[in-house]
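Chain residues, written in single-letter form:
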Amino acid sequence: MKNHKIIVANWKMNPSIFQGIELLKSINQSINEMKVSSKIVICPPSLIIRDALIIFSNSIVSIGSQDCHHAEIGPYTGDLSYKMFEDIGCEYAIIGHSERRANHFEDNKLIFEKLNSINRSKIIPILCVGESFVERKSGLASEAVIRQIDESGINKLEFDQKIIAYEPIWAIGSGKIPTRDEIMSIHSKIREKLDTEGNNKDIKVLYGGSVNTENVSDIFSINGVDGALVGGASLKKADFIKIIESAEI
Ligand code: 13P
């Protein structure tokens, strides 16, 4: 049986508003002309999520947020709540991306609060975990990843579907990726951890970090890789479409 992939585009704070809307339209047009069996999720900047939802209203593409606040409403200047994203029609939320951990000082305790709130909604979480370069070099990559899973509590919370994205911090935007064996080993440890700790019906483990048109087929062929979380390459229409095509082969 064909193993359908999940391909998630994380646009981060890119591109400009008007280019972003044009890119959404152009991706929609291409995907409408294709036969796609993968699950495609696009997470654009929050300011164009409503445009994305309208553009993809008759499409197989789902829309997600890149983060959310754990409170439903309240005095949190500049924040957007998980419930707001749910109310406008987002089906997914990226949580705990390493850029949020680094730039907004998000720790596993806060990430747990976010997952716990999302658990009260219909949103499917995409939890990002990954080791630093120093942790990888010291042989502590899997310990770091498993600690993030444990402390964020994703293993204990009950979701219909959980998506974990293994994104080594040193691989993000660097053009460097782990070896096949390194990816396979972390993916199987993540799955083992979730499999043994209950409440885990449907677990998908994605790889993220410098996924591009050159390496994607190889990454998709690794045992235990259920898809990809794509940054830079998802901002180039032709590359993103090629990545989607690679999952169909
Ligand atoms: P790149 O694909 O640009 O390395 O980004 C990966 C990422 O951070 C996706 O969340």
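Residues numbered from 1 in each chain as written. Predicted model: local features only at pLDDT ≥ 70, side-chain atom pairs only at ≥ 80, totals over all residues. Heavy atoms only, no water.

Here's the deal with the overall build of the chain
Inference 1: A count of helical and extended segments in the chain gives 10 helices and eight strands.
Inference 2: For the chain, whose C-alpha radius of gyration is 17 Å, the value lies close to the compact-globule estimate of 18 Å for 249 residues.
Inference 3: Taken across its 249 residues, the chain has 52% of its residues classed as buried.
Inference 4: Counted over contacts in the chain with a minimum sequence separation of 6, partners at least 24 positions apart contribute 72%.
Inference 5: Averaged over its 29 positive side-chain charges, the chain has a centre that lies 1 Å from the centre of its 33 negative ones. (Helix = DSSP H or I, 4+ residues; strand = E, 2+ residues; numbered from the N terminus. Rg over C-alpha atoms; globule rule 2.2 N^0.38 Å. Buried < 20%, exposed > 50% of the residue type's maximum accessible area, 1.4 Å probe, protein only. Contact = heavy atoms within 4.5 Å. Lys, Arg positive; Asp, Glu negative; His and termini not counted. Charge placed at Lys NZ, Arg CZ, Asp CG, Glu CD.)

A word on the environment of Asn116
Inference 1: On the secondary structure map, Asn116 appears in helix α5 (residues 108–118).
Inference 2: Considered as a pair, Asn116 and Thr196 are 80 residues apart in the sequence and their alpha carbons are 20 Å apart.

Brief notes about the sheet that holds strand β3 (residues 62–65)
Inference 1: The eight strands are arranged β1-β2-β3-β4-β5-β6-β7-β8 in a closed barrel whose pairing can be described as parallel. Here the average twist between neighbouring strands, direction ignored, is 25°.
Inference 2: Looking at chain direction, strand β1 (residues 6–10) and strand β8 (residues 227–230) are connected through four bridges and run parallel. Residue Ala9 lies in a different strand from β8, and its bridge partner there is Val230. (Pairing = 2+ DSSP bridges. Axes fitted to C-alpha atoms, helices over the stretch in contact; angles between N-to-C directions.)

Some points on the site of the ligand
Inference 1: In the region of the ligand, the neighbouring residues are Asn10, Lys12, His97, Glu167, Ala171, Ile172, Gly173, Gly209, Ser210, Leu229, Gly231 and Gly232.
Inference 2: One of the side-chain nitrogen or oxygen atoms of Asn10 is found 3.0 Å away from an oxygen atom of the ligand.
Inference 3: Gly173 places a polar main-chain atom, nitrogen or oxygen, 2.6 Å from an oxygen atom of the ligand.
Inference 4: Protein burial of the ligand: of its 310 Å² of free accessible surface, 94% is covered by the chains. (Near = heavy atom within 4 Å. Polar contact = N/O pair within 3.5 Å; in protein donor to acceptor, adjacent residues only side chain to side chain. Areas by Shrake-Rupley, 256 points an atom, 1.4 Å probe, with all protein chains shown as cover.)

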